[in-house]
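# Chains, contacts and geometry: an overview
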Amino acid sequence: MAIQDQTAVAATTTASIEGFDSLSVPTFRGSTILYPDYQSFVSRGDRGFNEYSYGLHGTPTTNTLRQKLTGLEGGVDTLLAPSGLMAITTAMLAVLEAGDVVALPETVYAPVRRFAATTLRKFGIESVFYDPVDLATLEVYLDRLRLIWVESPGSITMEVQDIPAICVLAARHDILVGCDNSWASPLLSKPLELGADIVVEALTKYLSGHSDVLLGSITVRSNELAQKLHQSARSLGLGVSPDDCFLVLRGVEAAAVRLTHIGATALILAQAIERHPSVEHVLHPALPAFPTHTLWKRQFSGSSGLFSFVMRGEPEAAFAARFSRLNVCRIGASWGGVQTLLAPVDPAPERTFAGGFKSKHVVRMSIGLEAADDLLADVNRFLA
Ligand SMILES: *Cc1c(COP(=O)(O)O)cnc(C)c1O
């Protein structure tokens, strides 16, 4: 057979999928989408955002994940992004224009601050900061805002925000509300049902759950917002890998079981740490002593495994030495996987409201799937 003929055989031969009825979502890869004839090709621009036209804009694998997330969030449509951070930035770029103002809670995921100070500013979009638990600090900006961003609980210090109250204020002034729901995932909280217009998840965290994929999602409550998102994503050239979506689709299947286990273990740890004399206090919204505990009870159906604790004052070297005593917990950022992680964090530079945040030695903990007793022993070594 001539060499060119073999290329043709390779290109046209595919095994039949007939009879292969798998439980797993197939991973469809592809850039080119074939069109059956001249007419369907030249009119491909008429295909809607949810029809197939080019691999970048969607495959059956990516669309399956979009549909599952839309259902879990209770929205009308979902867009996927290559990271949780890019889901946030894409949502903002889709709804903000030059001259607009966006309000960010001072507890916002820190890279969003950098995005606001660099990219948003470059395009003439102003950002202002408010106290996540004092809505008077938000109300002063209401007549200027286009978007209120919410992150509940907030990064590191875990303040729960009153999403329904913020949405009432926003509706009166025709302001959009977007929420980073990564701590809870849609399994523990549904911000769209609480009144938000846009919800973002870092799928990197609980929904994938194994520290091996980076992906984000944006789910919206209206078709109008969905159109804006799709237009923005198309103009940016935003797309995601079907292989990454496969990993999240697999992660979602056991996410409820993982989160139930992780949430219960985290509470056991948080309560033990709270009683330890080396600890000033624990920042976990499900603890009754936590300041926004009642808001958490109203808006969440459970708690996940990410919380922080504040050590009593001690020399830097003594604090640093604690981390070398760990046998089970690992040191690392990101969170939501099966292995418990600890990280020293310092929220102080980014906290200005209510007198600022004084404590220097804060530890963030992401609980994994290890046995609670093993983790308790490790944490007791750390705190000793
Ligand atoms: C990790 C994180 C993100 C970003 O997710 P990536 O996929 O790592 O970009 C967004 N929000 C919060 C609250 C996070 O902790």
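Here is a short report on the structure shown in this document. (Residues numbered from 1 in each chain as written. Predicted model: local features only at pLDDT ≥ 70, side-chain atom pairs only at ≥ 80, totals over all residues. Heavy atoms only, no water.)

### Overview of the packing of helix α4 (residues 84-95) against helix α9 (residues 223-236)
The criterion, for reference: Fitted lines through C-alpha atoms give the axes, limited to the stretch in contact for helices. The angle between two N-to-C directions lies from 0 to 180 degrees. Secondary structure follows DSSP: runs of H or I at least 4 residues long count as helices, runs of E at least 2 residues long count as strands, and numbering of each begins at the N terminus. With respect to orientation, any angle under 35 degrees is reported as roughly parallel, any angle over 145 as roughly antiparallel, any angle of 65 to 115 as roughly perpendicular, and every other angle as oblique. Residue contacts are counted whenever heavy atoms from the two residues lie within 4.5 Å of one another. Three classes are used, and their members are as follows: Ala, Val, Leu, Ile, Met, Phe, Trp, Tyr, Cys and Pro are nonpolar, Asp, Glu, Lys and Arg are charged, and the others, Gly among them, are polar.
It is the contact of α4 with α9, at a shortest axis distance of 9 Å, that shows an interaxial angle of 110°. In this view, α4 runs roughly perpendicular relative to α9, as classed from their interaxial angle. Contacts between α4 and α9 involve Thr90, Ala91, Leu93, Ala94 and Val95 from the former and Leu225, Lys228, Leu229, Ser232 and Leu236 from the latter. The residue inventory of the contact of α4 with α9, partitioned by class, reads seven nonpolar, two polar and one charged.

### Quick word on the site of the ligand
Applicable threshold: For each residue, the test is whether any non-hydrogen atom lies within 4 Å of the molecule or strand; if one does, the residue is near. Two N or O atoms form a polar contact when they lie within 3.5 Å of each other; inside protein one atom must be a possible hydrogen donor and the other a possible acceptor, and for residues adjacent in sequence the pair counts only when both atoms belong to side chains. We get accessible surface area from the Shrake-Rupley algorithm with a probe of 1.4 Å; when it comes to residues, only the shown protein chains can shield them.
The environment of the ligand is made up of 13 residues, and the closest members are Gly84, Leu85, Asp180, Thr204 and Lys205. Between the ligand and glycine 84 there is a distance of 2.7 Å, counted from an oxygen atom to a backbone nitrogen or oxygen. With respect to the ligand, the backbone of leucine 85 contributes an N or O atom lying 2.9 Å from an oxygen atom. Here the ligand has 380 Å² of accessible area as a free molecule, and 90% of this is covered by the chains. Looking at which element gives the most residues to the shell around the ligand, the answer is α4, with three residues.

### Here's the deal with unusual backbone geometry
Formally: Only protein chains enter the area calculation, which uses a 1.4 Å probe; residues under 20% of their type maximum are buried, those over 50% are exposed, and those in between are partly exposed.
A cis amide bond links serine 152 to the next residue, proline 153, at an omega of -5°. Positive phi, close to 65°, is recorded for serine 185, a residue that is not glycine. Within the fold, serine 185 resides in helix α8 (residues 185-188). Assessed through its relative accessible area of 2%, serine 185 is described here as buried.

### Points about the packing of α4 against helix α5 (residues 110-122)
Formally: The sense of a crossing depends on the near helix, which, turned anticlockwise from the far helix by less than a right angle, makes the crossing left-handed and, turned clockwise, makes it right-handed.
Where α4 meets α5, the axes come as close as 11 Å, and the angle between the chain directions of the two elements is 40°. Comparing their axes, α5 and α4 come out oblique. The way α4 lies across α5 gives a crossing that is right-handed. Within the contact between the two elements, α4 uses Leu85, Ile88, Thr89, Met92 and Leu93 and α5 uses Pro111, Val112, Phe115 and Leu120. Tallied by class, the residues present in the contact of α4 with α5 amount to eight nonpolar, one polar and no charged.

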